[in-house]
Amino acid sequence: MGHFKYVFLGGGQGGGYAAAEFVKQGVKPGELAIVTAEKYVSYERPTLSKGYLKAEGAPRLPGFHACVGGGGEKQTPDWYKEKGIEYLTDSKVESVDIKSKTMKLAKGGDDITYDKLIIATGSTNMTLDMFGAKNAHLKGIHYLRDVADADGLVAYMKEAKKVSKKAVMVGGGYIGLEVSANLVQNGFDVTMVFPEDRLMAKMFNEEMATFYEKYYENKGVTLIKGDTVTGFEGDGKVEVAELKSGKKLEAGLVVVGVGAKPNTDMFKGQIDLLEDKPGGVKVNSQLQTSNPDVYAVGDIAAFPLTMYGGKVNRQEHVVNARLSAAHAVKAIFGSKETYDYLPYFYSREFDLAWQFYGEPEGDYVIHGDLQKGKFGVYWVQDGKVVGTYSESASDEQNAALKQVALKKPDAPSLGELKKMGYDFALKVAHQPNQLQHDSNGDVRTFLGWPASSVLRTSVIAVACVVAAGFYFRHQRRHSAPAS
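Quick notes on the rules
- Residues numbered from 1 in each chain as written.
- Predicted model: local features only at pLDDT ≥ 70, side-chain atom pairs only at ≥ 80, totals over all residues.
- Heavy atoms only, no water.
- Phe/Tyr/Trp six-rings, centres within 6.5 Å; stacked < 30°, edge-to-face > 60°.
- Helix = DSSP H or I, 4+ residues; strand = E, 2+ residues; numbered from the N terminus.
- Buried < 20%, exposed > 50% of the residue type's maximum accessible area, 1.4 Å probe, protein only.
- Axes fitted to C-alpha atoms, helices over the stretch in contact; angles between N-to-C directions.
- Left-handed = near helix turned anticlockwise from the far one by under 90°.
- Contact = heavy atoms within 4.5 Å.
- Nonpolar A, V, L, I, M, F, W, Y, C, P; charged D, E, K, R; others polar.
- Arc of directions from axis to C-beta.
- Core = buried A, V, L, I, M, F, W, Y, C linked by side-chain atoms within 4.5 Å.
- Salt bridge = Lys/Arg side-chain N within 4 Å of Asp/Glu carboxyl O.
- Pairing = 2+ DSSP bridges.
- Patch = residues over 30% accessible without salt bridge, like charges linked within 9 Å, V, L, I, M, F, W, Y side chains within 5 Å.
- Areas by Shrake-Rupley, 256 points an atom, 1.4 Å probe, with all protein chains shown as cover.
- Right-handed = clockwise from strand over helix to strand, strands pointing away.

*Asks:* Explain the packing of aromatic side chains here, please?
*Replies:* By convention here, two paired aromatic rings are described through the distance between centres and the angle between planes. Applying the stated criterion to the full structure yields 26 aromatic pairs. Seen from their ring centres, Tyr52 and Phe64 are 5.8 Å apart, and the 80° between their planes marks the pair as edge-to-face. Taken together, the residues Tyr52 in the loop between β2 (32-35) and α2 (77-82) and Phe64 in the loop between β2 and α2 connect sequence positions 12 residues apart. Each member of the pair Tyr52 and Phe64 is classed as buried. The interplanar angle of 80° and the centroid separation of 4.9 Å between the aromatic rings of Phe211 and Tyr212 together place this pair among those described as edge-to-face. Of the two residues, Phe211 and Tyr212, neither departs from the other in class, the shared state being buried.

*Asks:* Explain the packing of helix α1 (residues 12-24) against helix α6 (residues 318-332) to me, please; I cannot follow it from the model alone.
*Replies:* Contact geometry of α1 with α6 gives a least axis separation of 8 Å together with a crossing angle of 35°. As α1 packs across α6, the resulting crossing turns out to be right-handed. Within the contact between the two elements, α1 uses Gln13, Gly14, Tyr17, Ala18, Glu21 and Phe22 and α6 uses Val318, Ala321, Arg322, Ala325, Ala326, Val329 and Lys330. Here the contact of α1 with α6 is built from residues that sort into 8 nonpolar, 2 polar and 3 charged.

*Asks:* Sorry, what's going on with helix α9 (residues 422-429) here?
*Replies:* An α-helical turn contains 3.6 residues, so a residue and the one three or four places further along point in the same direction. Listed as buried for α9 are Tyr422, Phe424, Ala425, Val428 and Ala429. Along the axis of α9, the buried residues cluster in a sector spanning 155°; they form a single face. Opposite the buried face of α9, at more than 90 degrees from it, the exposed residues are Asp423 and Lys427.

*Asks:* Any chance you could explain the nonpolar core here in plain terms?
*Replies:* Generally speaking, a soluble globular protein has its nonpolar side chains buried in company with each other. Membership of the largest hydrophobic core comes to 62 residues, with the highest contact counts inside it found for Val7, Val35, Val96, Met103, Leu117 and Ile118. For this core, the element with the highest residue contribution is α6, accounting for 8 residues. Ranked by size, the runner-up nonpolar core spans 49 residues in total, among them Tyr43, Val190, Phe375 and Tyr389.

*Asks:* How do you make sense of the pattern of salt bridges when you look at a structure like this?
*Replies:* Side chains that carry opposite charge are capable of pairing whenever their charged atoms lie near each other. Applying the stated criterion across every chain yields a total of 16 salt bridges. The shortest N-O distance in the salt bridge between Lys311 and Glu359 comes to 2.5 Å. Here Glu359 lies in the loop between β22 (352-358) and β23 (363-369) and Lys311 lies in strand β20 (residues 311-313), a separation of 48 residues in the sequence.

*Asks:* Mind showing me how you'd approach the sheet that holds strand β17 (residues 281-282) here?
*Replies:* Whether parallel or antiparallel, the strands of a sheet pair through hydrogen bonds between backbone atoms. A sheet is described by the order of its strands in space; here 3 strands give the open sequence β17-β19-β20, paired in mixed fashion. Both edges of this open sheet fall to β17 and β20, since each of them pairs with a single strand only. Where strand β19 (residues 301-305) lies against β20, 3 bridges are found, and the strand directions are antiparallel. Looking at the pairing, Leu305 lines up with Lys311 of β20.

*Asks:* Would you mind going over a nonpolar patch on the surface with me for this structure?
*Replies:* Residues Met130, Phe131 and Val258 make up a contiguous nonpolar surface patch of about 270 Å² in total accessible area. Checked against the element boundaries, Met130 lands in the loop between β7 (123-125) and β8 (141-142).

*Asks:* Help me understand the pairing of β2 in this model?
*Replies:* In summary, the side chains of a regular strand alternate between the two faces of the sheet. Burial along β2 is two-sided: Leu32 and Ile34 facing one way and Ala33 and Val35 facing the other are all buried. Here strand β1 (residues 2-9) pairs with β2 via 4 bridges, running parallel. Looking across to β2, one finds that Val7 is bridged to Ala33. A crossover connection joins β1 to the parallel β2 through α1; in handedness this β-α-β unit is right-handed. Of the pairings in the sheet, the one linking β2 to strand β3 (residues 86-88) comprises 3 bridges and is parallel in character. Each bridged residue has a counterpart across the sheet, and for Val35 the counterpart in β3 is Leu88.

Next up, the structure:
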């Protein structure tokens, strides 16, 4: 295949954003190659569990190629050709030799050599056979990771409804919530099964979970908590899901979302990996691995979260995939900015829309009207507000909550926080900002941008999130991609 100055391994979410940054940095035609096993150039992956499964008006490629989800240009295959970027789709990599800087393609493909490598191999789904479930490969049992998975699920939904409208969703987390909502809207009778005592147990406290559980039950979803799927029955295709409790559930369709693990096996013994939590490829604040010519981004990158004391973490989220990819490119071209990241999650199910910033640690207080589904949450640890959450908030309120999580202001009493509600966040957002510096005295980077530019005034940040809110609402109306 030949030699490239730069190779980005993994087409996923980050490939498109890395390519856009390479172009900004002046990469020359023929210098960059992106290699992916998928058949498509980079696209906005969150669309798969959101709009892609909709019963009507579902988006399809090329409508959600990167970088539309981040407000950038839609980068179709022709875009890469015009920029002189070699995008190798349907090209599975068999091995990478870090020492010789050589990549071997499967199926007898030619070797690729490089000067600098960015690894973005992402995560792979945990499958039920890993937990000992029997008959876990019957037809009709689906996972969701890429367009091929989504296409298979969409096709089988149509087939399954001819026989049974009973669907089982295995898992009560992020994917479980979004896919279950889409299955209901496609006319399925959905049962969610998960081992935890509540939905989204890693983030939702009992009060929050109770609200969402009642909401889903009112939509017709049956919740089975504290139980697991141990196997399936069916003649060639799934018909019944067996639970540890002994229950048997009719299942014409099964979707599984029980977590993922970083794809790092190819690099064992070549660069530093973390065997214990959080796992992944260990990188520094420039996203550089133990080999100075190799960078890791997205799901697999275990980087120091400076704004939370430097603890090493991985962030399996689209925003991190986008920003870390761009940051690694900047680092390759000489930028000394430190990569830091504000943990962020959001979701939209039915007519709900929630956002979370920071960390759900310490004591918490709920404000607003929980019963009516218009509420927020603050988390307080060591006297500081370290996490914020909103359900059905305005763009201005969400922008203010982001500022609270960034600034980690001193917290009043929990009673006062509850009383003030969003007014506390709005007050914090309009206070003058103080730039934060790393241990070397350099201005840190927040969410992939220099703190000096992002935190110059809270007004700029508010405007950015308000604009993002408009984009998300537009996407929601038109079933376009989102993050």
